[in-house]
Structures are given as structure tokens and as C-alpha cells.
Amino acid sequence: MTTIAIANAAADPVEKLLTFGPKNLWYAVCPSGFVGEKPVSLRRFGRKLALWRDASGQVHALEDHCPHRGGPLSQGVALGDRIACPYHGVEVRCDGTVTKVPGSPGCKLEGSRPALAFHVKEAHGAIFAFNADKNIDEPPAFTLPEELSSPEFSSFLCYSEWKCDWRYAMDNVMDPMHGTFLHKQSHSMAEGDSTAAFRIRDTETGFVFEKTGQRGVNFDWTEWGVTGTAWMRLEIPYPKTGGPGGNFAIVGCVTPINERMSAIFFWRCRKVDGWMRDTWRFLYRNRLEARHWAVLEQDRVMLEAMEPDANQREHLYQHDIGLVRLRRFLKTMATEQAQAAAG
Amino acid sequence: MDTDRYLQPQQARQRPPTIFEDLLGDAIERAFAAGNHTLPELVAHLNREGLPAGNGQPWTEDSFSALMARLGREGDAA
């Protein structure tokens with residue numbers, strides 16, 4: 001396989017932040033079911049994380065790197081809120097503090113806090129981690145859109161891993177027009193005009209990129225927001241067979257795994273109550289999930305077939321002003337973080 | 001299918017559907033497609049189509065709601 005070097009990610013701090021995701025944000029890292037009492041290792045935002053649950057079910061996350069000599073903590077033994085490295089038995093607490101060095105009791109490593117710890121929250125069927133470069137005591141709160149946070153909605157998480165730069169997955173969501181073409185044969189996106197004019201509308205937390213003159217027909221708008229975590233949302237109408245309850249909504253989060261792999265989180269949401277809610281949940285499990293999956297696979301196959309430098313050689317047009325705005329937003333965030341880090 | 005990463009089409013259900021559930025899913029979609037979007041319309045449609053409820057009796061609003069409450073919440077977090 002031929003790989004083409006893009007801007008030297010290691011040398012350019014802004015490019016590095018864009019490649020592995022801006023810091024100091026909550027990122028979805030995996031579905032809740034991935035983590036049990038036995039530690040697991042997951043690579044996210046360019047780092048390896050060791051995640052485990054204590055007896056109360058609380059999830060903890062440390063960088064999967066023993067501060068002694070870099071042993072894989074995830075292969076060690078979880079001891080409640082601590083984990084013992086399998087290499088030399090060094091015990092590290094979930095806040096990054098080394099609590100015990102069995103081979104050399106009283107050494108200066110004991111009591112210090114050299115391991116990188118990640119704050120963790122579990123919400124909406126997923127585990128979120130706060131991506132900071134140093135240990136912090138209290139991370140800021142995060143919120144997600146009402147489609148997830150309001151009890152008026154019902155939702156299912158769909159998780160997937162795609163072999164592409166995480167920014168390709170974000171661009172894809174910020175590109176509603178692909179629904180009309182790539183997903184034309186899908187169960188929900190066969191309607192509406194195949195040409196459209198778009199506009200951008202600022203919001204308090206980001207912006208909305210939307211078609212002018214068409215709403216509720218196809219994939220007609222996308223919103224980008226940053227509320228302690230970065231998310232996107234959109235709505236797509238169901239056909240009549242979807243029953244009462246109106247459009248279904250998607251809230252999406254993308255987390256970089258490494259330069260060539262992304263963790264994709266799509267919550268499928270609907271504002272339904274009572275028997276309609278139960279019936280939608282039955283139909284989702286019985287058949288809608290498979291149809292939604294088929295649509296998502298069209299996106300994955302398309303993005304994975306694009307060259308790693310595809311976004312360096314583009315001729316954009318009016319439909320692309322949403323993703324141009326998104327890239328600018330991320331670049332500004334990364335530039336500010338790089339400048340702050342440089343002092 | 002690639003096995004080097006997580007690509008799982010079915011994430012929301014805990015078990016394969018039964019034949020009865022598949023037939024019921026078909027019938028509900030046909031009812032919705034015909035514009036029957038209220039509970040009385042939906043139940044009437046199911047009874048016209050002839051798919052009996054699990055107990056062999058005609059559907060009632062209560063029996064349909066109770067079955068959906070069970071199937072729709074199956075596997076949900078408490």
C-alpha cells in the first residue's frame with residue numbers, strides 16, 4: 001500500500017492536535033458494555049487507555065502506560081480504584097498516583113502522581129473520557145443535545161469503527177447533500193430535490209448548516225455544537241412505515257483512534273411516548289436497526305476508499321461551506337491550544 | 001467482514017427475533033404504511049389482517065400495548 005505523506009503531523013503542533021483531536025474536551029470512547037471489571041486497553045485520541053470498573057460499577061481510566069517503565073497497566077490486576085502493573089507490581093490509583101512500589105518500598109515514586117489519569121463519565125450507553133494532557137482535579141461539565149438529555153426522546157446508540165481520519169467522518173455529517181446521492185436507495189432518503197442552496201446560521205454553541213427552502217423531506221440540515229464535548233445532530237424523516245412520532249434524529253460524536261481509524265457514535269433518537277415509544281423500540285430492534293446500518297455502511301465504504309490525502313486535493317463548491325466552517329472552527333480551537341501550550 | 005475492528009450490525013437486541021415477532025413487525029409496518037397511526041386504527045388493522053395476538057385471541061389496545069411494552073423495553077437498561 002502506498003501512503004502519501006501529508007503535512008508533518010509530528011512537527012506541526014496544530015496539525016497534531018487536528019489529527020488526534022483537540023484537547024480538553026469530553027470524548028465518547030466506547031459503548032458502556034465494552035468495559036467490565038477486567039481492564040481493557042483502547043487506543044483513543046492517539047493514546048492508549050486502560051479502562052476498568054470497580055465493584056460499584058464506576059469506570060476508571062488511566063493511560064495504559066505504567067509510570068515506572070511503560071508496562072501495559074491494562075494487563076495487570078484491577079484492585080478497586082487502583083491497578084497493579086503486571087511487569088513489576090507497581091500500583092497506580094485512578095487519579096494517577098502511585099500508591100505502592102512492591103519491589104522498592106519507600107522509593108520516591110510512591111506517593112507521586114506521574115501517571116496520566118482521565119476523568120470518566122457514563123451517559124446514554126457510552127463511556128466518555130476527558131482528554132487532557134495533564135492531571136486535573138475537576139474537569140468541566142458537558143452536555144449533549146436534548147435528543148439525548150430530554151426524557152421526551154427515546155434513543156439507541158450505534159457504535160462503529162471506520163478506517164479513516166476522524167475528520168472525514170465529521171465532514172461526511174456536515175455534508176447533507178451526500179444523502180441525496182449516496183443514500184438515494186435507502187429507506188428514508190429518496191425524496192426531495194437533488195439540487196439545493198445552503199446557508200449557515202450561527203447558534204450559541206456552534207452553527208447550523210441547512211438547505212434553504214426544504215426541511216423535513218430528506219437529510220436537510222446538520223448542526224455542530226461544542227458543549228464540553230463536540231457533537232453534531234441532524235434529522236431525517238421516516239417513511240410512513242415508521243409510524244407516528246415524526247422524524248428520527250441522529251446525534252453523532254466522532255473520536256479519533258489514530259491517524260487512520262475513527263470511533264463513530266451515532267445515537268438514533270425519536271420523540272415518542274407511551275405505546276408509540278414501545279412500538280418504535282420494538283421495530284428498531286426487529287428491522288429498523290438493520291436498515292440504518294445499511295445506510296451507515298454506505299458512508300463507511302465511501303470514506304474508507306478515499307485516499308488519506310483526499311482532503312488536500314479538493315475543488316469545493318457551495319454545498320461544502322458547512323464543512324469549510326467546521327474545519328475553520330477546529331483549526332481555530334487547535335491553534336489556540338497550541339499557542340497556549342507554547343506559552 | 002473485516003474483523004480488525006468493531007463492525008456489528010445488531011447492537012440493540014439481545015437475541016434473534018422469533019417468527020411471530022417478524023410477522024408482527026411486517027404487520028405493524030403495513031398498518032403504518034396504510035396510514036393507521038393511532039392505536040385504535042392499528043389494532044383494527046391487525047385484526048383485519050388476521051395475525052392473532054400471542055394468546056390466539058383478537059388484538060385489543062391493552063394486549064397490543066402490553067406486548068409492545070415487553071418487547072420494546074426488552075434489554076433496555078433499567
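Values in this document were obtained by computation on a predicted structure and should not be read as measured data. (Residues numbered from 1 in each chain as written. Chains lettered and ligands numbered in written order. Predicted model: local features only at pLDDT ≥ 70, side-chain atom pairs only at ≥ 80, totals over all residues. Heavy atoms only, no water.)

Participant: Give a description of the nonpolar core that names residues and reports values.
Facilitator: Formed by 79 residues in total, the largest nonpolar core has its most connected members in L24(B) and F64(B). Per element, the largest residue contribution to this core is nine residues, and it comes from helix α5 (residues 274–305) of chain A. Both domains that meet at this core, namely domain 1 (23–131) and domain 2 (146–333) of chain A, each give it at least three residues. For L24(B), the contacting residues outside a window of four places in its chain are F282(A), L46(B), L51(B), W59(B), L67(B) and M68(B). The next biggest cluster of nonpolar side chains, apart from the first, holds 23 residues, and it includes W26(A), L144(A), F153(A) and W267(A). (Core = buried A, V, L, I, M, F, W, Y, C linked by side-chain atoms within 4.5 Å. Buried < 20%, exposed > 50% of the residue type's maximum accessible area, 1.4 Å probe, protein only. Helix = DSSP H or I, 4+ residues; strand = E, 2+ residues; numbered from the N terminus. Domains from an automatic or database assignment. Contact = heavy atoms within 4.5 Å.)

Participant: I'd like a description of the interface of chain A and chain B, backed by residues and values.
Facilitator: Facing 33 residues of chain A, the contacting portion of chain B comprises 36 residues. Between chain A and chain B lies a buried interface of about 2900 Å² when both sides are counted; carbon and sulfur atoms form 55% of it. Its largest share of buried area at the contact with chain B, chain A owes to W275(A), F282(A) and R285(A), together 25% of the area lost on that side. K163(A) serves as the salt-bridge partner of D4(B), at 2.9 Å between the closest nitrogen and oxygen. (Buried area = accessible area lost by both parts, 1.4 Å probe. Salt bridge = Lys/Arg side-chain N within 4 Å of Asp/Glu carboxyl O.)

Participant: Any details on the sheet that holds strand β11 (residues 126–130) of chain A? Residues and values, ideally.
Facilitator: All names here are of chain A. Taken in spatial order, the three strands make up an open sheet running β1-β11-β10, and their pairing is antiparallel. What marks the edges here is a single partner per strand, and that holds for β1 (26–31) and β10 (120–123). When strand polarity is set aside, the average angle formed by the axes of neighbouring strands in this sheet is 30°. As defined by bridge partners, β10 adjoins β11 across four bridges and the pair is classed as antiparallel. Across the sheet, A123 pairs through a bridge with A126, a residue of β11. (Pairing = 2+ DSSP bridges. Axes fitted to C-alpha atoms, helices over the stretch in contact; angles between N-to-C directions.)

Participant: Could you give an account of the environment of E138(A), with specific residues and numbers?
Facilitator: Relative to the assigned elements, E138(A) resides in the loop between β11 and α2 (146–149). A C-alpha to C-alpha distance of 8.3 Å links E138(A) and H119(A), two positions 19 residues apart in sequence.

Participant: With reference to specific residues and values, describe empty space enclosed by the protein.
Facilitator: Enumeration over the complete set of coordinates arrives at four cavities of 30 Å³ or more. For the second largest cavity, the calculated volume is near 130 Å³. In this structure, the second largest cavity is lined by F282(A), R285(A), N286(A), R13(B), Q14(B), R15(B), P16(B), P17(B), E21(B), L71(B) and E74(B). Its residues assigned to classes, the lining of the second largest cavity shows four nonpolar, two polar and five charged. (1 Å grid on protein atoms, 1.4 Å probe; cavity = no way out; pocket = protein on both sides within 12 Å on 5 of 7 lines; lining within 4 Å. Points joined across faces, edges and corners; volume = space filled by probe spheres on them. Nonpolar A, V, L, I, M, F, W, Y, C, P; charged D, E, K, R; others polar.)

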